[in-house]
Amino acid sequence: MPQYILLLHETPSDFSNFSPEEVQQIFGEYFAWRSKIQAEGKYVGSNKLKEEGGRHVSMRNGKARVVDGPYAEAKEVMGGYFIIDAANYDEAVEISKGCPHLKYDGWIEVRETDPVPAG
Amino acid sequence: MASESSDHIYQSVDHLFRRRAGQLIATLTRIFGIERLDQVEDAVQDAMVRALRLWPYQGAPDNPTAWLIQVAKNRMLDQLRRESRLTETTDEIEIPIGGEADAAFANEVHDDQLRMIFTCCHPLIPEDGQIALTLKTVGGFSVSEIARAFLARGPSVTKTIVRAKQRLREFEIKLEMPTPDKLPSRLESVLKVVYLMFNEGYSALEGEELVRTDLCHEAIRLGELLAGHPVAGAPKVHALAALLLFQAARLTARCDAAGELLLLSEQDRSLWDRAMIKRGLYQLRRSASGDEVSDYHLEAEIASCHTLAESFESTDWPRVLDCYEELLNRKPSPVVALNRIVALAKVRGVEAGLVELEQIAEDRTLRNYYPFYATRGELLREAGRNNEAIECYRYAHNLTSSEPIRRFVMKRITDLSRER
């Protein structure tokens, strides 16, 4: 079965106004979504990315150039990713639609991995 | 490490985060001092937000409380370092973190919370400030939730809390349990806050149902917490806890399927919360030790009569009447007088009740008190004096802005008009 990677983009916004009760509710939504994919055997893995811009590495005139990522100024960043098994794009998109990330001002980039055929 | 088993608790346990927030604030305030309460609150908020960003990807940690407390503690230490009031050795501040089921840790958390309650309910803080501060720092309620529960606006709740914190600073109120000689008087104000907190959730019929029920349950939690404390747990604390539990046990039956208000006589008693009644009985038994019969004892007794009766008719009305008479002797109040008459009408008849109502009708406090007219309406209706009853219900209708009550009274008027 093909694997899809869901890249969760978000605006580095301020969550500080959420009350504990709202925090709980949002967790509930995320865990419900995660549990469902896990129960269906489609969850492969996930990771949160650190909230700084990381490093951008490029080559300039034969020399590696490393700059800090533009987290602070960025309008949006990648918050993290999920890897799932899905039959096709339709299914992967359908799964993404259920992700609470969309409710909280985020958007999701769905990409199919392109493995080298075995053998 | 991610643990699948701990994930589901966030879906099944009510108000876990609200409770955690209260625990965290109490514990960290003990460690860093009451003068840093604002910073502690911010640090706890930060820890929750951090969890909110991280846990959806990684799953919840095995010991979420320990995780949250560690993150919040680190925030505090970072800040203190920035203020450069502390040297690097602050790293060694050890915070004991037990497992979720660790009894010693649980006790410690309880003690932290009790200290916090006594501090928030210090008599030098105005009463509304005591309640708001307790809900915010011990209960983990947000300002907007408190505002919703009290039908207040957010900014005014914020002001109340700011004023309460000013008092804490001005009078250098310490975060500590009162000494044994001061405990009894300090306990009074704590119990009053718990009592008012419950009543606010229980009696107000407007506002958001959910958050008001939460207020009742938080009051019960604090009541039981106090009752369980070896020193604070005086008989009257058990009485208060019993009272709240008996009242709350009936919450589920207060409305019919359409959401319309039901009188005690109309409620389906099979809907009452048996488990809660059992807890109430346990507290009632424990309240019986000692000689003191507090007001809470009397109110708990009344509540138990209502809650333990098989039916409305079989309620021990003479006992209820006795308790109200005793309460009235202690603190003459038109509201208690009105409740006494309801019981009296059951014991000595509707006409006797109506006669006594006439006698208290002159009281100015009752002139604009809709329950007075609603009660009089009920008694007149039972006496078959329908026209006068309708008159009273109209009065009651005009005096209240509560929609559920207006609908209830309107229905009575319609029913009686049909009988005419």
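Remember, it's a predicted structure, so these values are computed and weren't measured experimentally.

Asker: Pulling in residues and values, what's your account of the overall build of chain A?
Answerer: Regarding its fold elements, chain A presents two helices and six strands. When its helices and strands are written in sequence order, chain A yields β-α-β-β-β-β-α-β. Residues classed as buried in chain A amount to 36% of the 119 residues present. Contacts in chain A between residues at least 24 apart in sequence constitute 75% of all its contacts with a sequence separation of at least 6. Total accessible area computed for chain A in this model is approximately 7,200 Å², and 52% of it derives from carbon and sulfur atoms.

Asker: Before we move on, can you summarise the interface of chain A and chain B with the specific residues and values?
Answerer: In this complex, chain A contributes 30 residues to the contact, which on the side of chain B involves 29 residues. Here chain A packs against chain B, burying approximately 2,500 Å² in sum over the two surfaces, 59% of which is carbon and sulfur. For the chain A face of the interface with chain B, the top three residues by lost area are Gln24, Phe27 and Phe31 of chain A, together amounting to 27%. Of all the secondary-structure elements, those providing two or more residues to the side of chain A that touches chain B are β1 (3–10), α1 (20–39), β2 (43–48) and β5 (77–85) of chain A. No other element matches the 13 residues that α1 of chain A contributes to the side of chain A that touches chain B. Class assignment of the residues belonging to the side of chain A that touches chain B gives a composition of 13 nonpolar, 12 polar and five charged.

Asker: So what about unusual backbone geometry? Which residues, and what values?
Answerer: Residues other than glycine seldom take positive phi values, yet asparagine 61 of chain A does so here, at roughly 50°. For asparagine 61 of chain A, the location among the structural elements is in the loop between β3 (55–60) and β4 (63–68). For asparagine 61 of chain A, a relative accessible area of 80% translates into the label exposed. One non-glycine residue with positive phi stands out, namely glutamate 172 of chain B, at about 50°. Residue position: glutamate 172 of chain B is located in the loop between α9 (154–170) and α10 (183–203).

Asker: Describe the packing of aromatic side chains, and please don't skip the residues or the numbers.
Answerer: Enumeration over the complete set of coordinates arrives at 15 aromatic pairs over all chains. Considering the side-chain rings of tyrosine 4 of chain A and tyrosine 89 of chain A, the 5.0 Å spacing of their centres and the 70° angle between planes classify their relative orientation as edge-to-face. One end of the pair, tyrosine 4 of chain A, is in strand β1; the other, tyrosine 89 of chain A, is in helix α2 (residues 89–97), with 85 residues separating them in the sequence. Look at tyrosine 89 of chain A and you get partly exposed, because its relative accessible area is 38%. Taken together through their ring pairs, the aromatic side chains of Phe27 and Phe31 of chain A together with Phe17, Trp55 and Trp67 of chain B make up a single cluster. Taking NZ or CZ as reference, arginine 250 of chain B lies 5.9 Å from the ring centre of tryptophan 272 of chain B, over its face. Its end group placed over the ring of tyrosine 202 of chain B, arginine 254 of chain B keeps NZ or CZ at 4.5 Å from the ring centre.

Asker: If you had to explain the sheet that holds β5 of chain A to someone new, which residues and values would you point to?
Answerer: Residues and elements named next belong to chain A. Pairing is antiparallel in the open sheet, where four strands are placed in the order β2-β5-β1-β6. Taken across any chain shown, the strands that pair with only one partner, and hence form the sheet edges, are β2 and β6 (107–112). Adjacent strand axes in the sheet meet at a mean angle of 20°, parallel and antiparallel pairs treated alike. One ladder, built from five bridges, connects β2 with β5; its direction is antiparallel. The residue bridging asparagine 47 from the neighbouring strand is tyrosine 81, located in β5. Docked against the sheet, α1 engages β1, β2 and β5, running at close to 150° with respect to β2.

Asker: Before we move on, can you summarise the nonpolar core with the specific residues and values?
Answerer: All names here are of chain B. In this structure, Trp55, Met116 and Leu226 are the most contacted members of the largest nonpolar core, which totals 121 residues. For this core, the element with the highest residue contribution is helix α4 (residues 37–58), accounting for 11 residues. Setting aside chain neighbours within four positions, we find leucine 226 in contact with Leu114, Phe118, Leu187, Val190, Leu191, Val194, Ala232, Gly233 and Val237.

Asker: Report on α2 of chain A, specifying residues and quantitative values.
Answerer: Residues and elements named next belong to chain A. Taken together, the buried positions of α2 are Ala92, Ile95 and Ser96. Summarising the axial view, the buried residues of α2 lie within an arc of 100°, below the 170-degree limit, and thus occupy one face. In α2, those exposed residues whose orientation departs by more than 90 degrees from the buried face are Asp90 and Lys97. On its buried side, α2 packs onto β1, α1, β5 and β6. Looking at where α2 begins, the residue whose side-chain oxygen comes 3.2 Å from the main-chain nitrogen of aspartate 90 is asparagine 88.

The rules we used
Residues numbered from 1 in each chain as written. Chains lettered and ligands numbered in written order. Predicted model: local features only at pLDDT ≥ 70, side-chain atom pairs only at ≥ 80, totals over all residues. Heavy atoms only, no water. Helix = DSSP H or I, 4+ residues; strand = E, 2+ residues; numbered from the N terminus. Buried < 20%, exposed > 50% of the residue type's maximum accessible area, 1.4 Å probe, protein only. Contact = heavy atoms within 4.5 Å. Areas by Shrake-Rupley, 256 points an atom, 1.4 Å probe, with all protein chains shown as cover. Buried area = accessible area lost by both parts, 1.4 Å probe. Nonpolar A, V, L, I, M, F, W, Y, C, P; charged D, E, K, R; others polar. Phe/Tyr/Trp six-rings, centres within 6.5 Å; stacked < 30°, edge-to-face > 60°. Lys NZ or Arg CZ within 6 Å of the ring centre and 35° of its normal. Pairing = 2+ DSSP bridges. Axes fitted to C-alpha atoms, helices over the stretch in contact; angles between N-to-C directions. Core = buried A, V, L, I, M, F, W, Y, C linked by side-chain atoms within 4.5 Å. Arc of directions from axis to C-beta. Polar contact = N/O pair within 3.5 Å; in protein donor to acceptor, adjacent residues only side chain to side chain.

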